[in-house]
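These are the residues of each chain, in order.
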Amino acid sequence: MITGPQMRAARAMLGIDQKTLAELAGLSVPTIQRMEASNGNVRGVVDSLTKVVAALELAGVELIGEGSASTASGRGVRLKAPPPRH
């Protein structure tokens with residue numbers, strides 16, 4: 001659904017801190033901190049994840065899943081797949 005690095009990047013693009021994201025999503029700051037600390041997909045209560053995704057999208061960020069095409073217009077940033085390790 002969303003990764004910790006995606007959450008941090010989305011906040012950075014919006015220029016908001018964890019407290020603001022928590023307020024927008026109706027969650028606590030420690031919950032946002034735990035989510036953002038995840039290396040891979042954020043795990044947690046589905047309702048909390050849904051609230052974060054909705055808050056970020058409402059604020060103007062399009063979250064793009066791996067291998068998915070962007071459906072919106074506007075500028076953005078997308079991570080490339082990391083190069084293979086030898």
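Residues numbered from 1 in each chain as written. Predicted model: local features only at pLDDT ≥ 70, side-chain atom pairs only at ≥ 80, totals over all residues. Heavy atoms only, no water.

## Quick notes on the packing of helix 1 (residues 4–14) against helix 3 (residues 29–36)
Look at helix 1 against helix 3: their axes get within 7 Å of each other, and the N-to-C directions meet at 120°. The orientation of helix 1 relative to helix 3 falls into the category oblique. When helix 1 is examined against helix 3, the residues Gly4, Met7, Arg8 and Arg11 are found in contact with a partner set consisting of Ile32, Met35 and Glu36. When the residues that make up the contact of helix 1 with helix 3 are grouped by side-chain class, the tally is three nonpolar, one polar and three charged. (Axes fitted to C-alpha atoms, helices over the stretch in contact; angles between N-to-C directions. Helix = DSSP H or I, 4+ residues; strand = E, 2+ residues; numbered from the N terminus. Parallel < 35°, antiparallel > 145°, perpendicular 65-115°, else oblique. Contact = heavy atoms within 4.5 Å. Nonpolar A, V, L, I, M, F, W, Y, C, P; charged D, E, K, R; others polar.)

## A few points about the UniProt feature "domain: HTH cro/C1-type" (unreviewed entry) in the protein
Feature annotation in UniProt assigns "domain: HTH cro/C1-type" (unreviewed entry) to the following positions: residues 7–63. A distance of 9 Å separates the end C-alpha atoms of residues 7–63, which is 67% helix and 0% strand. (UniProt positions renumbered as here; feature names shortened; annotations may be inferred.)

## What about helix 1?
Among all positions in helix 1, only Gly4, Met7, Ala10 and Arg11 are buried. The arc enclosing the buried residues of helix 1, seen along the axis, measures out at 130°, which places them on a common side. Of the surrounding secondary structure, the elements contacted by the buried residues of helix 1 are helix 2 (18–25), helix 3 and helix 4 (46–59). Positive phi shows up at glycine 15, right after helix 1, with a value of about 70°. (Buried < 20%, exposed > 50% of the residue type's maximum accessible area, 1.4 Å probe, protein only. Arc of directions from axis to C-beta.)

## Topic: the environment of glutamine 18
When you line up the elements, glutamine 18 lands in helix 2. Sequence separation between glutamine 18 and glutamine 33 is 15 residues, and the spatial gap between their C-alpha atoms is 7.3 Å. Setting aside residues no more than four positions away along its own chain, glutamine 18 makes contact with Arg11, Val29, Ile32, Gln33 and Glu36.

## Digging into the nonpolar core
Grouped together as the largest cluster of nonpolar side chains are 18 residues, with contacts concentrated most on Ile2, Met7, Leu21, Ile32, Val52, Leu56 and Leu63. Looking at this core, the elements that each hand over two or more residues are helix 1, helix 2, helix 3 and helix 4. At five residues, helix 4 tops the list of elements feeding residues into this core. (Core = buried A, V, L, I, M, F, W, Y, C linked by side-chain atoms within 4.5 Å.)

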